[in-house]
Amino acid sequence: MNLRAFFDADARIALKFPYSESLKNEIKTFGGEWDKRKRYWSFYPNLNSIDFVLKKGFQFSKSDESILSEIVDALLEDEQQQEYRYQLATSIHAPGFPDVAAKCLFPPRSYQWVPTHYALSTGGRFILADAPGVGKTFEGVLVTMHPKFEDEPVLIVCPANVIYQFQAELLKLFGQHSIILENKLHYLVPNVRYYLCTYEQMKKQDDLGYFFIFDEAHRLKDTKTVRYKEAQRLTAKCKHILLMTGTPVLNRSKEAFALLNLVSPGFMSFAQFTKEFCGAYHDGYSYNTNGNSNTNRLHRYMYSNHMMRREPEQVESQLPPQTHQVVELAKKVVTSDSVFGLYSDSGLLKSQDPTFLEWMDDAFEVTDKFLLFAYHKPMMDAMEKKAQELGYSYIRIDGDTPADQRHKLAERFNNDPSIKVAILSITAASEGLNLQAANVVIFAELYFVPGIIEQCYKRSHRSGQERHVLILYPLWSEFEHYLQSLLMEKMAFITRLHKGLADEVKQSSLVSDIAKKFNIPSKSKKNDHEKAA
């Protein structure tokens, strides 16, 4: 069989070969695209795709072999294989960038252009999955300002708790006025290009030719929800769509399917995806899709098909390190008849325990500014009372804090040296806030979703932070010790998945693991979460 390989004008590996259905399907896993006019398959190079080409016996010319050798050397030096691909793109798509830079009130750094290069190479449909703290808001808007996209109005869908901050960033960074949509927009407003709405208001909108941006897009992780179906309806005929999330996989591999399916509809059926990448099996009642399998291939598919990700240390070499430290206060035994009841009771008892409260006294005394995260209202109330007793100024952001006040409170915390602590709800303050005036983060309580935990401490450890960030987990009960160990295990898996290093792991959830450990039902009772802040 005559198998020929070469580099095309876009620096992609191009392959010509006699028709083979199996070979064609394998090439598709690398994001291979068929050029009808030139009649060849092509894809961007990474170590996996190069290894595939060579093992299949494709032959390069001597000049291309020299180029290939240089690419392999560069890829081997880079921890994440896809980074070379982005760097390569910067030399291909230069036109239009000076015009974009002139529109920015703050000049973009070199790494902030990379998503625009990537958007051009994927036809304007991709997932910007840079880790929390890299600066996706600026990068995402920058994409829409390129000449290829500048004639399209932009609809930004984001959580209610960050919508006012996003509007403020548009004005501050780009001088762009925008409109927050509360009702259906029938016609575009003259001289206004940017529109914003919440995920809840999305159902009222229609596609008016928008370039769509979905901020905190992990909120679309479940294809069965009304929210996801509304996103599908709204974007069904759009040309360009950008999903932004620092945590494309919050807990399980199957969450990646929903996002990939929005930027590339019909790329694979859910049944096929979960069979290949989640080890789906029938447990006697239904198909269990909570596992992880073929994770290296999933990584290859994700990053070869409409997704890019970088860690903060990759884009800003001076970003200081972060340290996670467990503080073992006690191992109190807490009992309950459900997992979430155990979670609630553990938090309530901990908030009243002298050992924990005395440790918090010390934390207030020896720490400059810090972030204090909790889930339940009684714990947040106890921490607020503690700050008052010790005479320290503070801010508090929880589910009752109006969305338009959260950004203002964050700015106050960052700029007012008298404010000691930000008392924050894990679920209400994990997104969209910059709180880098603090370099200590304390989790008074934990949470069941590792991606949310990461988002919380990334409020401090983000681009622009100049100090070492210390993340503390004061553990008080047996339940907390076990949950923290499960979280670290899950977070390590997600990190390996993003780097293409993950192995197959057992098919179970944190909740089911905890239920098994403490011999209680995994289903929550109706009132288990009523005390959430």
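Described below are features of the structure shown in this document. (Residues numbered from 1 in each chain as written. Predicted model: local features only at pLDDT ≥ 70, side-chain atom pairs only at ≥ 80, totals over all residues. Heavy atoms only, no water.)

Thoughts on the pattern of salt bridges
Okay, so step 1: Scanning the model with the defined rule gives 18 salt bridges in all.
Okay, so step 2: Arginine 233 is paired through a salt bridge with aspartate 206; the nearest N and O atoms lie 3.2 Å apart. Remark: aspartate 206 occurs in the loop between strand S8 (194–198) and strand S9 (211–215) and arginine 233 occurs in helix H9 (residues 226–235); sequence separation between them is 27 residues.
Okay, so step 3: The exposure class assigned to arginine 233 is partly exposed, which follows from its relative accessible area of 36%.
Okay, so step 4: Note on aspartate 206: relative accessible area 29%, which makes it partly exposed.
Okay, so step 5: The network of salt bridges with common partners includes Lys377, Asp381, Glu384, Arg396 and Asp398. (Salt bridge = Lys/Arg side-chain N within 4 Å of Asp/Glu carboxyl O. Helix = DSSP H or I, 4+ residues; strand = E, 2+ residues; numbered from the N terminus. Buried < 20%, exposed > 50% of the residue type's maximum accessible area, 1.4 Å probe, protein only.)

Focus: the environment of asparagine 261
Okay, so step 1: Inspection of the secondary structure assignment puts asparagine 261 in helix H10 (residues 255–263).
Okay, so step 2: Using a relative accessible area of 11% as the deciding quantity, one classes asparagine 261 as buried.
Okay, so step 3: A sequence separation of 29 residues divides asparagine 261 from glutamine 232, and the C-alpha atoms of the two residues are 9.2 Å apart.
Okay, so step 4: Ignoring any residue separated from it by four or fewer positions in sequence, one finds asparagine 261 in contact with Tyr228, Gln232, Gly266 and Phe267.
Okay, so step 5: Polar side-chain contacts of asparagine 261 include one of 3.4 Å to the side chain of tyrosine 228.
Okay, so step 6: At 3.1 Å, the side chain of asparagine 261 and the backbone nitrogen of glycine 266 are in polar contact. (Contact = heavy atoms within 4.5 Å. Polar contact = N/O pair within 3.5 Å; in protein donor to acceptor, adjacent residues only side chain to side chain.)

Considerations on the packing of aromatic side chains
Okay, so step 1: Counting across every chain of the model gives 26 aromatic pairs.
Okay, so step 2: Ring geometry for phenylalanine 212 against phenylalanine 214: centres 6.2 Å apart, planes inclined by 20°, an arrangement best described as stacked.
Okay, so step 3: Here phenylalanine 214 falls in the buried class, since its relative accessible area comes to 0%.
Okay, so step 4: Pairing phenylalanine 364 with phenylalanine 370 gives two aromatic rings, centres 5.2 Å apart and planes at 75°, and the pair type is edge-to-face.
Okay, so step 5: Owing to a relative accessible area of 0%, phenylalanine 370 belongs among the buried residues under this scheme.
Okay, so step 6: Put simply, the rings of Phe340, Tyr343, Tyr375, Tyr447, Phe448 and Phe479 touch in pairs and so form one group of aromatic residues.
Okay, so step 7: Lysine 350 extends its terminal NZ or CZ atom over the ring of phenylalanine 356, reaching a point 4.9 Å from the ring centre. (Phe/Tyr/Trp six-rings, centres within 6.5 Å; stacked < 30°, edge-to-face > 60°. Lys NZ or Arg CZ within 6 Å of the ring centre and 35° of its normal.)

Digging into the sheet that holds strand S16 (residues 393–397)
Hydrogen bonds between backbone groups are what pair the strands of a sheet, and the pairing can be parallel or antiparallel.
Okay, so step 1: A sheet is described by the order of its strands in space; here 6 strands give the open sequence S14-S19-S18-S15-S17-S16, paired in parallel fashion. Bordering the open sheet on either side are strand S14 (322–332) and S16, each of which pairs with just one other strand. The average angle at which neighbouring strand axes cross in this sheet is 20°, direction not considered.
Okay, so step 2: Judged from the 3 bridges that link them, strand S18 (residues 440–443) and strand S19 (residues 469–477) form a sheet pairing that is parallel. (Pairing = 2+ DSSP bridges. Axes fitted to C-alpha atoms, helices over the stretch in contact; angles between N-to-C directions.)

Observations concerning the nonpolar core
Okay, so step 1: In this structure, Leu371, Phe373, Phe413, Phe443 and Phe448 are the most contacted members of the largest nonpolar core, which totals 48 residues.
Okay, so step 2: Filtering out sequence-adjacent residues up to four positions away, phenylalanine 443 remains in contact with Lys350, Phe373, Ile453, Cys456, Tyr457, Ile471, Leu472, Tyr473 and Pro474.
Okay, so step 3: One finds Ala258, Leu259, Leu260 and Met302 within the second-largest nonpolar core, a separate group that totals 42 residues. (Core = buried A, V, L, I, M, F, W, Y, C linked by side-chain atoms within 4.5 Å.)

What about the pairing of strand S2 (residues 13–16)?
Side-chain positions along a regular strand alternate between the two faces of the sheet.
Okay, so step 1: Both strand S1 (residues 4–7) and S2 contribute to a ladder of 4 bridges, which runs antiparallel. When the sheet's bridge partners are listed, phenylalanine 7 is paired in S2 with isoleucine 13.
Okay, so step 2: Examined bridge by bridge, S2 and strand S4 (residues 40–43) share 3 bridges and lie antiparallel to one another. Counted as the bridge partner of alanine 14 is serine 42 from S4.

What about the side chain of serine 460?
Okay, so step 1: Within the secondary structure layout, serine 460 lies in the loop between helix H18 (450–457) and S19.
Okay, so step 2: Not counting chain neighbours up to four residues away, the residues in contact with serine 460 comprise Leu371, Leu435, Gln436, Ala438, Asn439, Val441, Gln465 and Val469.

Some remarks on the packing of helix H6 (residues 114–121) against helix H7 (residues 136–144)
Okay, so step 1: Taken N-terminus to C-terminus, the directions of H6 and H7 make an angle of 45°; their axes are 8 Å apart at the nearest point. Taken as axis vectors, H6 and H7 run oblique relative to one another. Along this stretch, H6 crosses H7, giving a crossing that reads as right-handed. The residues of H7 that touch H6, namely those facing Pro115, Thr116 and Ala119, are Glu139, Leu142 and Val143.
Okay, so step 2: Class assignment of the residues belonging to the contact of H6 with H7 gives a composition of 4 nonpolar, 1 polar and 1 charged. (Parallel < 35°, antiparallel > 145°, perpendicular 65-115°, else oblique. Left-handed = near helix turned anticlockwise from the far one by under 90°. Nonpolar A, V, L, I, M, F, W, Y, C, P; charged D, E, K, R; others polar.)

Considering H7
Okay, so step 1: Most of H7 sits out of view: 8 of its 9 residues are buried.
Okay, so step 2: By the burial criterion, the buried members of H7 are Lys136, Phe138, Glu139, Gly140, Val141, Leu142, Val143 and Thr144.

Brief notes about the packing of helix H14 (residues 339–352) against helix H20 (residues 510–518)
The angle between the axes and the distance between the axes are what describe a pair of packed helices.
Okay, so step 1: At their nearest, the axes of H14 and H20 sit 9 Å apart, and the two run at 80° to each other. Judged by the angle between their axes, H14 and H20 are roughly perpendicular. Listed contacts from H20 to Val339, Phe340 and Leu342 of H14 are Val511, Ile514, Ala515 and Phe518.

Here's the deal with the environment of phenylalanine 356
Okay, so step 1: Assignment of secondary structure puts phenylalanine 356 in helix H15 (residues 354–366).
Okay, so step 2: Given the relative accessible area of 0%, phenylalanine 356 is considered buried.
Okay, so step 3: Residues phenylalanine 356 and leucine 329, spaced 27 residues apart in sequence, show a C-alpha to C-alpha distance of 7.0 Å.

Notes on the sheet that holds strand S10 (residues 241–244)
Okay, so step 1: On the basis of which strands lie adjacent, the open sheet formed by 7 strands has the order S7-S8-S6-S9-S10-S5-S13 and parallel pairing. Of all strands in the sheet, those with a lone pairing partner are strand S7 (178–180) and strand S13 (307–308), marking the two edges.
Okay, so step 2: In terms of strand pairing, strand S5 (residues 125–128) meets S13 through 2 bridges, oriented parallel. Of the residues in S13, the one forming a bridge with leucine 128 is methionine 308.
Okay, so step 3: Docked against the sheet, helix H8 (residues 163–174) engages strand S6 (154–158), S7, S8, S9 and S10, running at close to 170° with respect to S8.

The values are spatial; any link to function lies outside them.
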